[in-house]
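# Understanding the architecture of this molecule
Spelled out, the chains give:
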Amino acid sequence: MGQTSLVEPYRRFLSESQLILATVEYSFNQSIKSPTHEHEYKFMCEMSIIRLLDAWARFCRYTVILSAGGRPVTRTGTRLPLAPGVRKTSDVIPVLLSKYPNRRFEPRWHDAYECVDAAQRLAIVNFRSFSSAIGATNSPSGEIRTLRNYFAHRNEETAIRAKLTFNISQIEVFQILSQITLPGTARINGWVTDLRNIASASIT
């Protein structure tokens, strides 16, 4: 049996984020060709943002669980030992929850603070590299979450937050995702590139 590797969740995220990018690009192009169906393609983009945040949360969760209970090999070839009190991956979440004073549910894995806090509570051996990457100040996860929350809930509070975050008066998915940002790429491409770079750095 081959060794478990932290590259596995990274590759999954690469694959899923590529599908999301392709869906957004297809939707944008088709909306130009078939404007009468624009609302359908906008819907596809909105669901893609919801899927992107979910994919990121799953990457973070699985990486922490593997690091704590899977004895995986990092991207640089180091094999990690088990975290304290953990014997296998199925132990990780129960052990983690036992380290909170009053918590019955898992952390919000897409939230950098909660994710890093969970890794610290588990005392994973690769905490330093994982936390410095996941907690990076250039992470787009906050922006993605803001937009995702609007598409998922569509209430006044999420609308106000989205408008303030993106400095817009109306929330239009194509406009937000295609806006050119530093370093000269569409926002959605920049988001995915940044998340991929953070993911790569977190598994060293």
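Residues numbered from 1 in each chain as written. Predicted model: local features only at pLDDT ≥ 70, side-chain atom pairs only at ≥ 80, totals over all residues. Heavy atoms only, no water.

### Topic: the packing of helix H2 (residues 38–69) against helix H4 (residues 112–122)
- One way to put it is that H2 packs onto H4 with a least axis distance of 11 Å and a crossing angle of 10 degrees. The angle between H2 and H4 places the two elements in the roughly parallel class. Across from Cys60, Val64 and Ala68 in H2, the residues of H4 making contact are Cys115, Ala119 and Leu122. (Axes fitted to C-alpha atoms, helices over the stretch in contact; angles between N-to-C directions. Helix = DSSP H or I, 4+ residues; strand = E, 2+ residues; numbered from the N terminus. Parallel < 35°, antiparallel > 145°, perpendicular 65-115°, else oblique. Contact = heavy atoms within 4.5 Å.)

### Let's talk about the nonpolar core
- Of all hydrophobic cores here, the largest spans 61 residues; its most connected members are Trp56, Trp109, Leu147, Ile171, Leu177 and Ile188.
- Considering every element that reaches this core, the biggest residue donor is H2, with 14 residues. (Core = buried A, V, L, I, M, F, W, Y, C linked by side-chain atoms within 4.5 Å. Buried < 20%, exposed > 50% of the residue type's maximum accessible area, 1.4 Å probe, protein only.)

### Let's talk about the packing of H2 against helix H3 (residues 89–98)
- One can describe the packing of H2 onto H3 by two numbers: an axis separation of 8 Å at closest approach and a directional angle of 105 degrees. The angle between the axes of H2 and H3 places the two elements in the roughly perpendicular class. Of the residues in H3, those touching H2 at Arg61, Ile65, Leu66, Ala68 and Gly69 are Thr89, Val92 and Ile93.
- Of the residues that constitute the contact of H2 with H3, the class distribution is five nonpolar, two polar and one charged. (Nonpolar A, V, L, I, M, F, W, Y, C, P; charged D, E, K, R; others polar.)

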